[in-house]
Amino acid sequence: MTSPHDTGQTCLTCGATAVDRFLHLPAVPVFCNVLLPTEVEARDAPRGDLDLGICRACGHVFNLAFDPELVKYAEGYENSLHHSPRFQSYAEELAAELRDRHRLTEAHVVEIACGQGDFLKLVCSEPGCTGTGFDPSFRGQAPGKGIAIEREYFGARPLEKAIDLICCRHALEHIDDPAGFLRMVKSAVPAGSQPAVFFEVPNSLYSLRDGGVWDFIYEHVSYFCGRSLSACFARAGYSVRRTWETFDGQFLCLEADDKEAGSTPPVLSPVPAAGELVGLAAGLGGQMNGLLESWRARFAEIAAGGGRVAVWGTGSKGVTFLNLMGDAGSVGVPVDINPQKQGLFVPGTGHRVAAPENLAELGIRLVLVMNPVYTAEIEGMVRAQGVDAEVVGV
Ligand SMILES: [Zn+2]
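### Thoughts on the overall build of the chain
In step 1: In terms of regular secondary structure, the chain is built from ten helices and 15 strands.
In step 2: For 394 residues, the compact-globule formula gives about 21 Å, and the C-alpha radius of gyration of the chain, at 21 Å, lands near that figure.
In step 3: Its C-alpha atoms give the chain principal-axis dimensions of about 70 × 55 × 35 Å.
In step 4: Per-residue burial over the chain gives 54% buried out of 394 residues.
In step 5: Contacts in the chain between residues at least 24 apart in sequence constitute 67% of all its contacts with a sequence separation of at least 6.

Okay, structure coming up:
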């Protein structure tokens, strides 16, 4: 199968040489999740290009221009979503499911890229269960009894203790050779140990099909669908058991293990045919420009009346959106409930992050909720501040 957009590059997950280019966003901030202490530093934050390609064989999306040298994770990386009650309850349900399904009593769990260990603690909450987490951005103390966190990348040293479950959430999409990384994970497991493996990543279908267009960020090399995620694990030698969607379709989960595949085929979450995904990708640039034009017009109207627009959420989506809005976004006020983000500045644009308590004094006419899954929760917080502005999920 040939294509006029073919790049001659090889797919990161399935290995097919069938990758089309479909969207170019130049000079976006390299770190959407690192807010800066001053406006000047924020405007001078490092930038890189997004040059997105899609595999015609498995539907995998990745950044052809990704440069791993530009990306280093360390302290200052504030990516904890645990401040949101909605996300917290999701994490609790997910941890309970893992505990039940894998009978995690008297068990040992390893978490790759565990952040501050909040999720690992939830997974290891049954009696006698221990956990080891790995994350170079870890700061502070282990979050609970039986939990040890190594402030280093997973794989830096061989593991010795038998493992029942390896989990890894929202990290694989950051890695420039995901199949190679999965092979490394497999080889790090001590002999005789056959852990179940649970991975969670953002679901590319949400961005390609369901309107989550602000999710394309430099930090993510890869955007997986069920087919490409499964292909990646199979290529690394795992037996994939199933993939499924969570969090209103925004996330994609996979379970695999190192045992023989047997007679039961994996249960994969539904994914449109690769050709259909290529078509959706091809239309994405136009869709994104249309949305930006309409929001620029709305922002200009509000600015003309002396008002401002709250852009709620300074994770990837909010930061990407403000950067793509250009000058029209200057009446935007980023808002975040995470106290560690308040008062800091958005990379690229230099907006200062406000707290919900500041809303009433800012003349807010419109509140854009960058992740619609939180709209009800945020509308409640906006009203609690005595602000009657319209609240819209973007
Ligand atoms: Zn592929």
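### Regarding the sheet that holds strand 3 (residues 61-63)
Strand pairing within a sheet occurs via backbone hydrogen bonds; the two strands may be parallel or antiparallel.
In step 1: Across the sheet, four strands lie side by side as 1-2-3-9; this open sheet has antiparallel pairing. With partners counted over all chains shown, the strands left at the sheet margins are strand 1 (19-29) and strand 9 (222-223), one partner each.
In step 2: Alignment of strand 1 against strand 2 (residues 47-55), held across eight bridges, turns out to be antiparallel. Looking at strand 2, one finds that His24 is bridged to Asp51.

### Overview of helix 7 (residues 274-282)
Every α-helix carries 3.6 residues per turn, so stepping three or four residues along brings you back to the same face.
In step 1: When helix 7 is considered as a whole, its buried residues turn out to be Ala274, Leu277, Val278 and Ala281. Axial view of helix 7: buried residues confined to an arc of 100°, hence all on one face. In helix 7, the exposed positions that point more than 90 degrees away from the buried face belong to Gly275 and Ala282.
In step 2: In this structure, the buried side of helix 7 is in contact with strand 1, strand 2, helix 5 (204-208), helix 6 (226-235) and helix 8 (284-304).

### Focus: the pairing of strand 12 (residues 308-312)
In step 1: Across the five residues that make up strand 12, a large majority, four, are buried.
In step 2: Across five bridges, the pairing between strand 12 and strand 14 (residues 364-369) is parallel. Bridge pairing links Trp312 to Val369 in strand 14.
In step 3: At this point the chain moves from strand 12, through helix 9 (residues 316-325), to the parallel strand 13 (residues 332-335), and the crossover so formed is right-handed.

### Quick notes on unusual backbone geometry
A negative phi angle characterises most non-glycine residues, just as the trans form characterises most peptide bonds.
In step 1: A positive phi angle is found at Arg103, which is not glycine, with a value near 45°.
In step 2: Within the secondary structure, Arg103 is located in the loop between helix 2 (85-101) and strand 4 (108-112).
In step 3: According to the relative accessible area criterion, Arg103 is exposed, its value standing at 69%.
In step 4: The backbone of Ala113 sits at a positive phi, close to 60°, despite the residue not being glycine.
In step 5: Within the secondary structure layout, Ala113 lies in the loop between strand 4 and helix 3 (118-123).
In step 6: Note on Ala113: relative accessible area 30%, which makes it partly exposed.

### What about the confidence of the model for the chain?
In step 1: Mean pLDDT over the chain: 92, with 96% of residues reaching 70 or higher.
In step 2: Residue range residues 74-78 is modelled with pLDDT below 50. Its contacts to residues more than four positions away, or to other chains, number 15 contacts.

### A closer look at the packing of helix 4 (residues 178-188) against helix 6
In step 1: Helix 6 packs onto helix 4 with a crossing angle of 50° between their chain directions and a minimal axis gap of 8 Å. In terms of orientation, helix 4 lies oblique with respect to helix 6. When you trace helix 4 past helix 6, the crossing you get is right-handed. The segment helix 4 lies against helix 6, with Pro178, Ala179, Leu182 and Arg183 engaging Cys232, Phe233 and Arg235.
In step 2: Broken down by class, the residue content of the contact of helix 4 with helix 6 amounts to five nonpolar, no polar and two charged.

### Looking at the packing of helix 8 against helix 9
In step 1: Contact pair helix 8 / helix 9: the axes reach a minimum separation of 10 Å and the direction vectors enclose 75°. Taken as axis vectors, helix 8 and helix 9 run roughly perpendicular relative to one another. Contact residues: Met288, Leu292, Trp295, Arg296 and Phe299 in helix 8; Phe321, Leu324 and Met325 in helix 9.
In step 2: Classifying every residue of the contact of helix 8 with helix 9 by side-chain character gives seven nonpolar, no polar and one charged.

### A word on the pairing of strand 14
In step 1: Judged by how many residues are buried, strand 14 sits mostly within the fold: five of six residues are covered.
In step 2: Two strands pair when backbone bridges link them, and strand 14 and strand 15 (residues 390-393) are joined in this way by four bridges, in the parallel orientation. Note on strand 15: the bridge partner recorded for Val367 is Val391.
In step 3: Handedness of the crossover is the feature at issue here: the chain leaves strand 14, passes through helix 10 (residues 375-384), returns alongside strand 15, and the resulting connection is right-handed.

### Considerations on the pattern of salt bridges
In step 1: Summed over all chains, the structure comprises 19 salt bridges.
In step 2: The salt bridge partner of Arg56 is Asp20, with a shortest N-O separation of 2.5 Å. Of this pair, Arg56 sits in the loop between strand 2 and strand 3 while Asp20 is found in strand 1, placing the two residues 36 residues apart along the sequence.
In step 3: Since its relative accessible area comes to 9%, Arg56 is described here as buried.
In step 4: Residue classification places Asp20 among the buried residues on the basis of a relative accessible area of 5%.
In step 5: Across the salt bridge formed by Arg101 and Glu97, the nearest N and O atoms sit 3.7 Å from each other.

### Description of the packing of aromatic side chains
In step 1: Going through the model one piece at a time under the given rule, you end up with 15 aromatic pairs.
In step 2: Consider the rings of Phe233 and Tyr238, whose centres lie 5.5 Å apart with planes at 55°: the pair is tilted. Residues Phe233 and Tyr238 agree in their burial class; the two are buried.
In step 3: On the numbers, 4.7 Å between centres and 5° between planes, the contact of Phe247 with Phe251 is stacked. Each member of the pair, Phe247 together with Phe251, is buried.
In step 4: Members of the aromatic cluster, each reached through a chain of ring pairs, are Phe87, Tyr90, Phe247, Phe251 and Tyr374.
In step 5: Directly above the ring of Phe119 sits Arg169, whose terminal nitrogen or CZ lies 4.1 Å from the centroid.

What counts, and at which threshold
- Residues numbered from 1 in each chain as written.
- Predicted model: local features only at pLDDT ≥ 70, side-chain atom pairs only at ≥ 80, totals over all residues.
- Heavy atoms only, no water.
- Helix = DSSP H or I, 4+ residues; strand = E, 2+ residues; numbered from the N terminus.
- Rg over C-alpha atoms; globule rule 2.2 N^0.38 Å.
- Buried < 20%, exposed > 50% of the residue type's maximum accessible area, 1.4 Å probe, protein only.
- Contact = heavy atoms within 4.5 Å.
- Pairing = 2+ DSSP bridges.
- Arc of directions from axis to C-beta.
- Right-handed = clockwise from strand over helix to strand, strands pointing away.
- pLDDT = per-residue confidence, 0-100.
- Axes fitted to C-alpha atoms, helices over the stretch in contact; angles between N-to-C directions.
- Parallel < 35°, antiparallel > 145°, perpendicular 65-115°, else oblique.
- Left-handed = near helix turned anticlockwise from the far one by under 90°.
- Nonpolar A, V, L, I, M, F, W, Y, C, P; charged D, E, K, R; others polar.
- Salt bridge = Lys/Arg side-chain N within 4 Å of Asp/Glu carboxyl O.
- Phe/Tyr/Trp six-rings, centres within 6.5 Å; stacked < 30°, edge-to-face > 60°.
- Lys NZ or Arg CZ within 6 Å of the ring centre and 35° of its normal.

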